[in-house]
Amino acid sequence: MTTVALSERDFAATVASGIVLVDFRAAWYGPSRGFAPVFAAAAERHPDLVFATVDAEAEPALTTAVGVRAVPTLMVYRDGVLVFAEPGSLPADSVELLIATVRSLDMAAVREQFPPT
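Residues numbered from 1 in each chain as written. Predicted model: local features only at pLDDT ≥ 70, side-chain atom pairs only at ≥ 80, totals over all residues. Heavy atoms only, no water.

S.K.: I'd like to hear about the overall build of the protein, residue by residue, with values.
M.R.: Summing up its helical and strand segments, the protein has five helices and five strands in all. When the helices and strands of the protein are read in sequence order from the N terminus, they spell out β-α-β-α-β-α-β-β-α-α. Here the protein has a C-alpha radius of gyration of 13 Å; the compact-globule value for 117 residues is 13 Å, and the two agree. Along the first, second and third principal axes, the C-alpha atoms of the protein reach 40 × 30 × 20 Å. Here the protein, with 117 residues, has 38% of them falling under the buried criterion. Taking all contacts inside the protein whose residues are at least 6 apart in sequence as the whole, residues at least 24 apart take part in 72%. (Helix = DSSP H or I, 4+ residues; strand = E, 2+ residues; numbered from the N terminus. Rg over C-alpha atoms; globule rule 2.2 N^0.38 Å. Buried < 20%, exposed > 50% of the residue type's maximum accessible area, 1.4 Å probe, protein only. Contact = heavy atoms within 4.5 Å.)

S.K.: Outline helix 4 (residues 92–103), supporting the account with residue identities and numerical values.
M.R.: The first and last C-alpha atoms of helix 4 sit 17 Å apart over 12 residues, in line with the 16 Å expected at 1.5 Å per residue. Regarding helix 4, the residues found buried are Val95, Leu98, Ile99 and Val102. Relative to the axis of helix 4, the buried residues are bounded by an arc of 100 degrees and lie together on one face. Those residues of helix 4 that are exposed and aimed more than 90 degrees away from the buried face are Asp93 and Leu97. On its buried face, helix 4 is in contact with strand 2 (19–25), helix 2 (30–45), strand 3 (50–55), strand 4 (73–78) and strand 5 (81–87). (Expected span 1.5 Å × (residues − 1). Arc of directions from axis to C-beta.)

Spelled out as structure tokens, the structure:
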């Protein structure tokens, strides 16, 4: 699986179902460039998940709307619910642990604890 580029137009529909990891990045920024191969390698290892990127400079309205204040920022959605958001680069083993944790979530309990607003 390769990564897909998201824009404001298709973001909501993409994160609505399944597990979706979204890397907000800036192509010129060293930490974003450093995290890109880690993210791409995880996408190859987990073809059943959606790995998406957002160019924070090209999509400033989307970046602001979801609360991204620094790049890179990794957000993970499961069935339309934001379950993880953290700025900064993560090492590969942390990405793997994150994916395993998100897969194991009891989404009924998550929705009960954090009902939609």
